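Each chain is listed here by its residues.
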Amino acid sequence: MNGLSALDRFLHTDPEDVGCGQAMELLHLYAELAATNAEAAAERYRGVAAHLRACGPCKEDLEGLLAAMTEPRP
């Protein structure tokens, strides 16, 4: 195995990680900025970005928001 296991990643959480609660509170703001500039979103909301790298379910929520924002409406 070349890298950390899921358990190792969980046990070595980035100290900037804000956790699910705060990430969800800010996710709509993060998504609005990420829709046009992902790097700016990650820089402005460093704790949210750290959390999204570690939390699959929250990352999926972000992907859903981005899809809803960018998909054309009928």
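The rules we used
- Residues numbered from 1 in each chain as written.
- Predicted model: local features only at pLDDT ≥ 70, side-chain atom pairs only at ≥ 80, totals over all residues.
- Heavy atoms only, no water.
- Core = buried A, V, L, I, M, F, W, Y, C linked by side-chain atoms within 4.5 Å.
- Buried < 20%, exposed > 50% of the residue type's maximum accessible area, 1.4 Å probe, protein only.
- Contact = heavy atoms within 4.5 Å.
- Axes fitted to C-alpha atoms, helices over the stretch in contact; angles between N-to-C directions.
- Helix = DSSP H or I, 4+ residues; strand = E, 2+ residues; numbered from the N terminus.
- Parallel < 35°, antiparallel > 145°, perpendicular 65-115°, else oblique.
- Left-handed = near helix turned anticlockwise from the far one by under 90°.
- Lys, Arg positive; Asp, Glu negative; His and termini not counted.
- Salt bridge = Lys/Arg side-chain N within 4 Å of Asp/Glu carboxyl O.
- Nonpolar A, V, L, I, M, F, W, Y, C, P; charged D, E, K, R; others polar.

S.K.: Explain the nonpolar core here, please?
M.R.: One broad trend across soluble globular proteins is that nonpolar side chains are buried collectively. By size, the foremost hydrophobic cluster in this structure holds 12 residues: L27, Y30, A31, A34, A41, Y45, V48, A49, L52, C55, C58 and L62. What C58 contacts, discounting residues up to four positions off in sequence, is C20, M24, L27, H51 and L52.

S.K.: In this structure, what is going on with the packing of helix 4 (residues 46–54) against helix 5 (residues 56–70)? I would like to understand it.
M.R.: If you want to describe how two helices pack, look at the angle between their axes and the distance between the axes. Contact geometry of helix 4 with helix 5 gives a least axis separation of 6 Å together with a crossing angle of 110°. On the basis of their axis angle, the class for helix 4 and helix 5 is roughly perpendicular. As for how helix 4 packs across helix 5, the hand of that crossing is left-handed. Contacts from H51, L52 and A54 in helix 4 reach G56, C58, K59 and L62 in helix 5.

S.K.: Could you clarify how one ought to interpret the side chain of D17 in this entry?
M.R.: Locating D17 in the fold gives a position in the loop between helix 1 (6–11) and helix 2 (19–34). Buried charged residue D17 carries no salt bridge. Nearest counter-charge: R53, at 8.1 Å.

S.K.: Explanation requested: the packing of helix 2 against helix 4 in the structure shown.
M.R.: Relative orientation of the contacting elements helix 2 and helix 4 amounts to 110°, with a least axis distance of 9 Å. One element, helix 2, and the other, helix 4, form an angle in the roughly perpendicular class. As helix 2 packs across helix 4, the resulting crossing turns out to be left-handed. In contact with G19, C20, A23, L26, L27 and Y30 of helix 2, helix 4 contributes V48, A49, H51 and L52. Each residue belonging to the contact of helix 2 with helix 4 can be placed in one class, and the counts come to eight nonpolar, two polar and no charged.

S.K.: It is not clear to me how the pattern of salt bridges should be interpreted in this structure. Could you clarify?
M.R.: It is possible for side chains bearing opposite charge to pair when their charged atoms get close. Applying the stated criterion to the full structure yields three salt bridges. A salt bridge links R46 to E16, with the shortest nitrogen-to-oxygen separation between them at 3.0 Å. With R46 in helix 4 and E16 in the loop between helix 1 and helix 2, this residue pair connects regions lying 30 residues apart in the sequence. The partly exposed category is assigned to R46, whose relative accessible area is 41%. Between R46 and E43 there is a salt bridge, and its shortest N-O distance comes to 3.8 Å. Put simply, E16, E43 and R46 are held in one network by salt bridges that share partners.

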